Amino acid sequence: MRLRGKRALVTGGSEGIGLAIAEAFAEEGAAVAIVGRDAGKLASARTKLAGRAETIQADLTTSEGIDKVATVVAAAGRPLDVLVNNAGVAFLVPFETVTDEQYRNSFALNVTAVFFLTQKLLPQLGPGASVINISSYFAGKMIPKRPSSLYSLSKGALNSLTKSLAFELGPRGIRVNAIAPGTIDTAMRRRSVDNLPDAAKAELKAYVERSYPLGRIGQAADVAGMAVHLASDESAWTSGAILAVDGGYTAG
Ligand SMILES: NC(=O)c1ccc[n+]([C@@H]2O[C@H](COP(=O)([O-])OP(=O)(O)OC[C@H]3O[C@@H](n4cnc5c(N)ncnc54)[C@H](OP(=O)(O)O)[C@@H]3O)[C@@H](O)[C@H]2O)c1
């Protein structure tokens, strides 16, 4: 058990990549808490986790939500070893149609929530703690006909935050890294692909198949393995890294 005795918080842990990370952490012996907005999704995740996770219902786009999570974590009265800032939103819409609301929502969840949740949880994060931000290949690699200005901007900001916090928090013994997944088969991806016209869907599928050296898109569990490594003491000297977990996609 690589995470025995560790306490972890996973935002957006009720489905997709966050749930896979929470499951892997629990399997490796960690005490896990997950955050999400929807009570039904949290309850179903708790069942999948066989009751091994605490659930915290909060909307991280609001300061009240961030404060609630920080308060619940602090109330446990023991340090937090691993913080996974995973909750995120992707509006893959053309630059000229991005609305003020989409812009604000993206930054609120993908950047501001990571900034202030990490800041508010600092008193709980001691030497040896690991902060893991879930970024995206879209921070630096674009796909033809998949307009990503807003999403790429927010994940680029998250990568900058990851590196600057690695510098600022390193002297306290806190490691800060990001995982940049390639395309992962989750509800988020299905939402953004399902509304494409059939021809565009077929084109995207063909693009993915020829662009991923390992010949397939990822599954949430593909990301969880890297998260366990970054959460564990195996990665004790890894900080400030943006680690690609993308089937080799960004190698080209
Ligand atoms: N899927 C991909 O292809 C892919 C690729 C690269 C990077 N990523 C990144 O990986 C992360 C997870 O993506 P995913 O595909 O697993 O997403 P997902 O399937 O849409 O799951 C998102 C999770 O975040 C929670 N969430 C959403 N908005 C929230 C809010 N305002 N406050 C609190 N929780 C919130 C959701 O629960 P509720 O809806 O109940 O709140 C859910 O648990 C994101 O940061 C995403 O940008 C995904």
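Residues numbered from 1 in each chain as written. Predicted model: local features only at pLDDT ≥ 70, side-chain atom pairs only at ≥ 80, totals over all residues. Heavy atoms only, no water.

Q: Lay out the pattern of salt bridges with the relevant residues and their values.
A: Inspection of every chain in the model, using the stated rule, returns twelve salt bridges. Lys41 serves as the salt-bridge partner of Glu15, at 2.9 Å between the closest nitrogen and oxygen. With Glu15 in the loop between strand S1 (7-11) and helix H1 (16-27) and Lys41 in helix H2 (residues 39-48), the pair connects residues that are 26 residues apart, well separated along the chain. For Glu15, a relative accessible area of 30% corresponds to the partly exposed category. In this structure Lys41 comes out as partly exposed when scored by relative accessible area, which is 33%. Between Arg104 and Asp100 there is a salt bridge, with the nearest N and O atoms lying 2.8 Å from each other. Of this pair, Arg104 and Asp100 both sit in helix H4 (residues 100-121), separated by four residues, roughly a single helical turn. Counted as one network, the salt bridges with shared partners bring together Arg2, Glu28 and Glu234. (Salt bridge = Lys/Arg side-chain N within 4 Å of Asp/Glu carboxyl O. Helix = DSSP H or I, 4+ residues; strand = E, 2+ residues; numbered from the N terminus. Buried < 20%, exposed > 50% of the residue type's maximum accessible area, 1.4 Å probe, protein only.)

Q: I'd love a proper account of the nonpolar core, names of residues and values included.
A: Core analysis: the biggest nonpolar cluster contains 32 residues, and Ile21, Phe25, Val32 and Ile132 have the highest contact counts within it. Secondary-structure elements contributing two or more residues to this core are S1, H1, strand S2 (31-36), H2, strand S4 (80-85), strand S5 (125-134) and helix H8 (220-231). Per-element accounting of this core gives the leading share, eight residues, to H1. In this view, Ile21 contacts Val10, Val84, Ile134, Ala224 and Ala227; residues no more than four positions away in its chain are not counted. Ranked by size, the runner-up nonpolar core spans 30 residues in total, among them Ile66, Val114, Ala129 and Ala166. (Core = buried A, V, L, I, M, F, W, Y, C linked by side-chain atoms within 4.5 Å. Contact = heavy atoms within 4.5 Å.)

Q: Explain the pairing of S4 to me, and be specific about the residues and the numbers.
A: Burial runs high along S4: five of the six residues are buried. Direction of pairing for S1 relative to S4: parallel, over a ladder of three bridges. Note on S4: the bridge partner recorded for Val10 is Val84. Between the parallel pair S4 and S5, the chain is carried across by H4, and the sense of this crossover is right-handed. (Pairing = 2+ DSSP bridges. Right-handed = clockwise from strand over helix to strand, strands pointing away.)

Q: Summarise the sheet that holds strand S7 (residues 242-245); cite the residues concerned and give the values.
A: Strand order in the open sheet made by the seven strands is S3-S2-S1-S4-S5-S6-S7, with parallel pairing throughout. The sheet is open, and its two borders are formed by strand S3 (53-57) and S7, each paired with just one other strand. Each adjacent strand pair in this sheet contributes to an overall mean axis angle of 20 degrees, direction not counted. With four bridges joining them, strand S6 (residues 175-181) and S7 adopt parallel strand pairing. Bridge pairing in S7 links Pro181 to Val245. H1 rests against S1, S2, S4, S5 and S6 of the sheet, and its axis sits at about 170 degrees to S1. Along the sheet face, helix H3 (residues 63-75) touches S1, S2, S3 and S4 and points at about 150 degrees away from the line of S3. (Axes fitted to C-alpha atoms, helices over the stretch in contact; angles between N-to-C directions.)

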